[in-house]
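The residues making up each chain are set out below.
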Amino acid sequence: MQKLGFTDYEAKIYIQLLRIHPVTAYELSKVTGVPRANAYHSLESLTRKEAVQPVSEDPVRFVPVPPQVLLEGIASSTQRRCDQLTSQLNSLSKTEDSQYVWTISGEPAVEERIKQIVLSAKKCIWIKAQDQVLRRHEDVLRRMANSGIEIFIILFGEDPEEFRYSDNVKIYLHEGNGKSIGTADNLLTITVDHEQLLTANVQGKVFASYTRNQPIITTADSLIRHDYYMAEIMIRFSDEIQESFGPHLKSLRESRFTPEQLERFHQQLDSSSSA
């Protein structure tokens, strides 16, 4: 409770009131060990915060406001204050800092940021990701799909139907088969309304980059768009392509991969062939 702005004495008194009520300030002082003067002062403060209320006179006895009512009130008032402060602070900024790329570290912070930008969508959400990553965001993606937002997914995985939340969702398996081949497959890339971009490393050390920088967003959109082109081409001409370049575009990838990327690619090929 102290993290929500309550003092140690106020928290002790409120918790005790949940256990037994109605009681007087004197009785609360005795059972909590809070000095009498501090108990009176804390009850006055708790009354102003609408956490307790008096129910009798001579002597005055107090009862607690139910926790759900109290916390919902705090959440509502905090959100109003944050909205007002956001508006006031935004008015001080002459221009939006769209040229910057922000770094977000740690899985909880990255997951929350992904949720926030998904929920901010007004028109469309484009995503390139593995199926296990998308599952962690199923609730918000389904909500946005059902609200009419267009969702366009390039999927590393086997079952696109799992993520077809509505007719607004279009899904294409990466390179027509959804196999994880390459070094960028552990990334989640998402653009929203062609105005926001987040790219996250979701394996090992979790971190992400977020930006509203338009050239960078255009590049990410183009990459996802070309993955769509490749998926359609592979579906229609897979036999001819494999005959020309080998499985998973082997000769093309070998010509441009770094030694580290090449080592991982060959490991993936061995794993794929043994499976």
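One structure accompanies this document, and this report is about it. The structure presented is a predicted model; accordingly, all values stated were derived computationally and were not measured.

## A few points about the environment of Ile181
Here comes step 1: Position of Ile181 among the secondary structure elements: in the loop between strand S7 (169–173) and strand S8 (187–192).
Here comes step 2: For the pair Ile181 and Tyr229, spaced 48 residues apart in the sequence, the C-alpha separation amounts to 17 Å.
Here comes step 3: If near-sequence neighbours (up to four positions away) are discounted, Ile181 is found in contact with His248, Arg253, Phe265 and Gln268.

## Observations concerning the sheet that holds S7
Strand pairing in a sheet relies on backbone hydrogen bonds, with the paired strands running either antiparallel or parallel.
Here comes step 1: Strand order in the open sheet formed by 7 strands is S4-S10-S9-S8-S5-S6-S7, with mixed pairing between adjacent strands. Only two strands of the sheet have a single partner each, and these edge strands are strand S4 (101–105) and S7. For this sheet, the mean inter-axis angle between neighbouring strands, taken without regard to orientation, is 15°.
Here comes step 2: Where S4 and strand S10 (residues 207–211) come together, 5 bridges link them in antiparallel fashion. Residue pairing for S10: Ser105 is matched across the bridge by Phe207.
Here comes step 3: Relative to the sheet, helix H5 (residues 107–119) contacts S4, strand S5 (124–130), S8, strand S9 (196–201) and S10, its axis offset from that of S9 by approximately 155°.

## Some points on the nonpolar core
Here comes step 1: Counting 33 residues, the largest nonpolar core has Ile125, Ile153, Ile190 and Leu198 as the members making the most contacts within it.
Here comes step 2: Those residues within four positions of Leu198 in sequence are excluded, and the remaining contacts are Ile104, Arg113, Ile114, Ile117, Leu188, Thr189, Ile190, Ala208, Ser209 and Tyr210.
Here comes step 3: The next biggest cluster of nonpolar side chains, apart from the first, holds 17 residues, and it includes Leu17, Val34, Leu43 and Leu70.

## Concerning the packing of aromatic side chains
Here comes step 1: Counted according to the given criterion, the structure contains 6 aromatic pairs.
Here comes step 2: Ring geometry for Tyr172 against Tyr228: centres 4.8 Å apart, planes inclined by 65°, an arrangement best described as edge-to-face. Here Tyr172, found in strand S7, pairs with Tyr228, found in helix H8 (residues 214–245); they are 56 residues apart in sequence, far enough to count as distant.
Here comes step 3: Among the aromatic residues, those joined into a ring-pair cluster are Trp126, Phe152, Tyr172, Tyr228 and Tyr229.
Here comes step 4: Taking NZ or CZ as reference, Lys49 lies 4.9 Å from the ring centre of Phe6, over its face.
Here comes step 5: In this arrangement the basic side chain of Arg113 is found over the ring face of Tyr210, its NZ or CZ atom lying 4.2 Å from the centre.

## Details of H8
Here comes step 1: Compared with the 46 Å implied by 1.5 Å per residue over 32 residues, the 35 Å span of H8 between its first and last C-alpha is markedly short.
Here comes step 2: At Phe237, H8 shows its largest bend, some 95°.
Here comes step 3: Along H8, the residues that are buried comprise Ile217, Ala220, Asp221, Ile224, Asp227, Ala231, Met234 and Ile241.
Here comes step 4: In the core, the buried residues of H8 are packed alongside S5, strand S6 (150–156), S7, S8, S9 and S10.

Each value, and the rule that gives it
Residues numbered from 1 in each chain as written. Predicted model: local features only at pLDDT ≥ 70, side-chain atom pairs only at ≥ 80, totals over all residues. Heavy atoms only, no water. Helix = DSSP H or I, 4+ residues; strand = E, 2+ residues; numbered from the N terminus. Contact = heavy atoms within 4.5 Å. Pairing = 2+ DSSP bridges. Axes fitted to C-alpha atoms, helices over the stretch in contact; angles between N-to-C directions. Core = buried A, V, L, I, M, F, W, Y, C linked by side-chain atoms within 4.5 Å. Buried < 20%, exposed > 50% of the residue type's maximum accessible area, 1.4 Å probe, protein only. Phe/Tyr/Trp six-rings, centres within 6.5 Å; stacked < 30°, edge-to-face > 60°. Lys NZ or Arg CZ within 6 Å of the ring centre and 35° of its normal. Expected span 1.5 Å × (residues − 1). Bend = angle between axes of the 7 residues up to and from the residue.

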